[in-house]
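Here is how the chains run, residue by residue.
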Amino acid sequence: MDRLGLLESFVIALDEGSLNRAAQRRGISQPAMSLQIKQLETLLGHELLHRSSTGVKPTRAGQLIYTQAQALLSGYDRMCAELSALEESVSGTFRISTSTFFGRIILGPVLLEINQAYPDLNIVMKLEDRLIDVVRENVDLAVRSGTLGDMDGAARKIAQMETVLFATPSYLDQTGRPKAPEDLKRLKFIQHHEDQTGGFFPLMLEGVEYQAPVHVGFTADDPDLIIRAVTNHTGYARAPRLFLEEALWDGRFEEVLPSYQPPHKDIYAVYPSRHSYDKRHDVVITALLERMEAMSVASIARQRPPAAILA
């Protein structure tokens, strides 16, 4: 296998946290995936992964290679897009799929602006809270968060979103506000089907990970239903901060254990194959990342106390 392919397999292995899931993503066997990682380690002269029964994590050298490999793969994608742009214009029908909340709050406004800037581009946007197969369902680009599951196509992590635990103030008044991770066992967790906790949830504080006990009270794959359950004082849930900013600001929701950081949600761009990536993908992904960055900056500014803003 070529060196770029070995690096891509290594990045996928760390993104998935499992050689078995990475092999499924690549459409190969788990032994073949292990062999590719071994070939890369031999080529570079360093051990890159810590292997355990729970999955894989990078060594110090592996973390360095992971960062550099992401840049190389992104550069390769941009190079391919620029080559395509020599012969292709930003036009034609472009089918995009994403989740309901992400589409309404973030991607939808981006696509409206792109549609104005490129009048020859016909954007077809579908909002669906399920994992789709971009190859079988004839989708040019899917923007997804969390896990990708078993699917065809090429995927690249393009961003991360900060998440928060949240509930209504009334619910926390009733149950008592948790002061430490172990206090969460008193509260009911409203769980998205992607957040299969296994009874515990990782929370970070000053670089230390705490395993918080989770008492699941309700599970759904519809974000609207999860928000409704929290609004009805049924329990607490986890969601990206960008989705909740207004409700947190005006007091409809309150952060649970605000000093602790739940896991981030990874954002992936998925397209039928690496060779199908063209200028249209680049335009959409670049504009999306710019909007997410602007929203994050605005969110940070809103979280500062007034004195800090005026200083």
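Before reading further, recall that the structure is shown in the block above.
Caption draft 1: Molecular detail of the overall build of the protein chain. The number of helices and strands found in the protein chain is 10 helices and 14 strands. Whereas a compact globule of 311 residues would reach a radius of gyration of roughly 19 Å, the protein chain reaches 21 Å, a difference of no more than 12%. Across its three principal directions, the C-alpha atoms of the protein chain cover 60 × 50 × 45 Å. Here the contacts in the protein chain between residues at least 6 apart in sequence split such that 73% fall between residues at least 24 apart. Total accessible area on the protein chain is roughly 16,000 Å²; 52% of this is exposed by carbon and sulfur atoms. Of the side-chain charges in the protein chain, 33 are positive and 40 negative, and the distance between the mean point of each set is 3 Å.

Caption draft 2: Spotlight on the sheet that holds strand β7 (residues 163-167). A sheet is described by the order of its strands in space; here 5 strands give the open sequence β11-β8-β12-β7-β13, paired in mixed fashion. In this open sheet, the two edge strands, each paired with only one partner strand, are β11 (215-220) and β13 (254-255). Across 5 bridges, strand β8 (residues 188-192) lies against β11 in parallel orientation. The partner of I190 across the bridge, within β11, is F218. Packed onto the sheet, helix α7 (residues 223-231) meets β7, β8, β11 and β12 (236-240) and runs at close to 165 degrees relative to β8.

Caption draft 3: Fine view of the nonpolar core. In terms of nonpolar packing, the biggest core is built from 45 residues, with F102, I106 and L141 touching the most fellow members. No other element matches the 7 residues that helix α5 (residues 100-117) contributes to this core. In contact with I106, not counting residues within four places along its chain, are F101, M161, L242, F243, L288, R291, M292 and M295. If you look at the next biggest cluster of nonpolar residues, it comprises 20 residues, including L6, L48, V56 and L73.

Caption draft 4: A look at the sheet that holds strand β3 (residues 92-98). Strand order across the open sheet formed by 5 strands is β4-β3-β5-β14-β6, with mixed pairing between neighbours. Every other strand in the sheet has two partners, leaving β4 (121-127) and β6 (154-161) as the edge strands with one partner each. When strand polarity is set aside, the average angle formed by the axes of neighbouring strands in this sheet is 20 degrees. Pairing analysis gives 7 bridges linking β6 to strand β14 (residues 265-271), with the strands arranged antiparallel. Its bridge partner lying in β14, Q160 is registered against D266.

Caption draft 5: Layout of the packing of aromatic side chains. Applying the stated rule across the entire model yields 7 aromatic pairs. On the basis of an interplanar angle of 65 degrees and a centroid distance of 5.0 Å, the ring pair of Y271 and Y277 is categorised as edge-to-face. Both residues of the pair, Y271 and Y277, count as buried. Taken together, the ring pairs in this structure connect F101, F102 and F243 into an aromatic cluster.

Caption draft 6: Inspection of the packing of helix α1 (residues 3-16) against helix α2 (residues 19-26) at higher detail. Two elements in contact, α1 and α2, have axes whose closest approach is 8 Å; the angle formed by their N-to-C orientations is 130 degrees. With respect to α2, the element α1 is oriented oblique. When you trace α1 past α2, the crossing you get is right-handed. Here G5, E8, S9, I12, A13 and E16 of α1 lie close against α2, whose contacting residues are L19, R21, A22, R25 and R26.

Caption draft 7: Quick look at unusual backbone geometry. Positive phi outside glycine occurs at N138, with the angle close to 55 degrees. Its place among the elements puts N138 in the loop between β4 and β5 (141-145). For L257, which is not glycine, the phi torsion reads 50 degrees and is therefore positive. With respect to the helices and strands, the residue L257 is situated in the loop between β13 and β14. Classification of L257 by relative accessible area gives buried; the value is 5%.

Caption draft 8: Spotlight on the environment of P31. Position of P31 relative to the elements: it lies in helix α3 (residues 30-44). Note on P31: relative accessible area 55%, which makes it exposed. Between the C-alpha atoms of P31 and N20, which are 11 residues apart in sequence, the distance is 8.7 Å.

Caption draft 9: Highlighting the pattern of salt bridges. In total, this model carries 18 salt bridges according to the counting rule given. Across the pair E137 and R130 runs a salt bridge whose closest N-O atoms are separated by 2.7 Å. Of the charged contacts in the structure, one is a salt bridge between R252 and D250, with a shortest N-O distance of 2.9 Å. For D250, a relative accessible area of 43% puts it in the partly exposed group. A network of salt bridges, in which partner residues are shared, links D15, K157 and D266.

What counts as what
Residues numbered from 1 in each chain as written. Predicted model: local features only at pLDDT ≥ 70, side-chain atom pairs only at ≥ 80, totals over all residues. Heavy atoms only, no water. Helix = DSSP H or I, 4+ residues; strand = E, 2+ residues; numbered from the N terminus. Rg over C-alpha atoms; globule rule 2.2 N^0.38 Å. Contact = heavy atoms within 4.5 Å. Areas by Shrake-Rupley, 256 points an atom, 1.4 Å probe, with all protein chains shown as cover. Lys, Arg positive; Asp, Glu negative; His and termini not counted. Charge placed at Lys NZ, Arg CZ, Asp CG, Glu CD. Pairing = 2+ DSSP bridges. Axes fitted to C-alpha atoms, helices over the stretch in contact; angles between N-to-C directions. Core = buried A, V, L, I, M, F, W, Y, C linked by side-chain atoms within 4.5 Å. Buried < 20%, exposed > 50% of the residue type's maximum accessible area, 1.4 Å probe, protein only. Phe/Tyr/Trp six-rings, centres within 6.5 Å; stacked < 30°, edge-to-face > 60°. Parallel < 35°, antiparallel > 145°, perpendicular 65-115°, else oblique. Left-handed = near helix turned anticlockwise from the far one by under 90°. Salt bridge = Lys/Arg side-chain N within 4 Å of Asp/Glu carboxyl O.

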